[in-house]
Amino acid sequence: RSPEVWIICGCNAAVNLGWIFLNTWLPPYLEKTYGDYLTATIGDKSAVVGAMTAMVGLAAICGGLVGGATTDRLVQAFGLAWGRRLPGMCAGVTVCVLYLIASQMRDVWIFVGLMVVIGFTIEFGLGASWAVYQDIAGKHVASVLGIGNMCGNLAAGAFAWLIGYLAKDGNWQTVFYI
């Protein structure tokens, strides 16, 4: 019955939709969309796609570290509530815009650069977003985090299936729009 918990569930669903592409569908997308170019210019497209995907993961790790330090500074400047909310809110809006831009990219290097920034940005805001659970749930944080995480994972599972359906028809634009 808590509006805040419903908002958290929606936020988790949105974050996990963005992550499920990066974690499961980025390599097949790169091979399908840019594979011929990568083979012609570099050679082993699978190795290159693996390195590109690893760069996204490395950027995400860095984003989590930078986001945590930034959140600490924002808490000092704006207080506990807004210091924790701002990173997640800004990251969410930024990632949405970047996915829309990525949908228009034809150059593999610019596209991968955007995926690196998306990976960094998602993780930049994620730790602060999780800290919001403490603000809302208090001593019940584990239960509320479990509910929010479950909603995010259910959305990601459904979206992973939908991506497969859309990818089969080459409808990647819709994946990025979602």
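Treat the numbers as computed from the prediction; the structure is a model and nothing was measured.

Moving on, we get to the overall build of the chain. Looking only at helices and strands, the chain features 6 helices and 0 strands. Along the chain, helices (α) and strands (β) appear in the sequence α-α-α-α-α-α when read from the amino end. Based on the C-alpha atoms only, the size of the chain along its principal axes is roughly 55 × 35 × 25 Å. Burial status across the chain gives 38% buried among its 178 residues. Taking as baseline every contact in the chain between residues at least 6 positions apart, the subset at least 24 positions apart corresponds to 72%.

Below, the discussion takes up the pattern of salt bridges. Inspection of every chain in the model, using the stated rule, returns 1 salt bridge. Across the pair arginine 84 and aspartate 135 runs a salt bridge whose closest N-O atoms are separated by 2.6 Å. Of this pair, arginine 84 sits in helix H3 (residues 80–102) while aspartate 135 sits in helix H4 (residues 108–137), and the two are 51 residues apart along the sequence. Taking the relative accessible area as the measure of exposure, arginine 84 reaches 15% and is therefore buried. Classification of aspartate 135 by relative accessible area gives partly exposed; the value is 30%.

All right, on to the environment of threonine 71 then. With respect to the element layout, threonine 71 can be found in helix H2 (residues 45–78). Sequence spacing of threonine 71 and leucine 58 is 13 residues, and the spatial spacing of their C-alpha atoms is 20 Å. Every residue in contact with threonine 71, bar those within four places of it in the chain, is listed here: Gly83, Arg84, Pro87 and Ala128. Within polar-contact distance, the side chain of threonine 71 engages the backbone oxygen of glycine 67 at 2.7 Å.

Rules used in this analysis
- Residues numbered from 1 in each chain as written.
- Predicted model: local features only at pLDDT ≥ 70, side-chain atom pairs only at ≥ 80, totals over all residues.
- Heavy atoms only, no water.
- Helix = DSSP H or I, 4+ residues; strand = E, 2+ residues; numbered from the N terminus.
- Buried < 20%, exposed > 50% of the residue type's maximum accessible area, 1.4 Å probe, protein only.
- Contact = heavy atoms within 4.5 Å.
- Salt bridge = Lys/Arg side-chain N within 4 Å of Asp/Glu carboxyl O.
- Polar contact = N/O pair within 3.5 Å; in protein donor to acceptor, adjacent residues only side chain to side chain.

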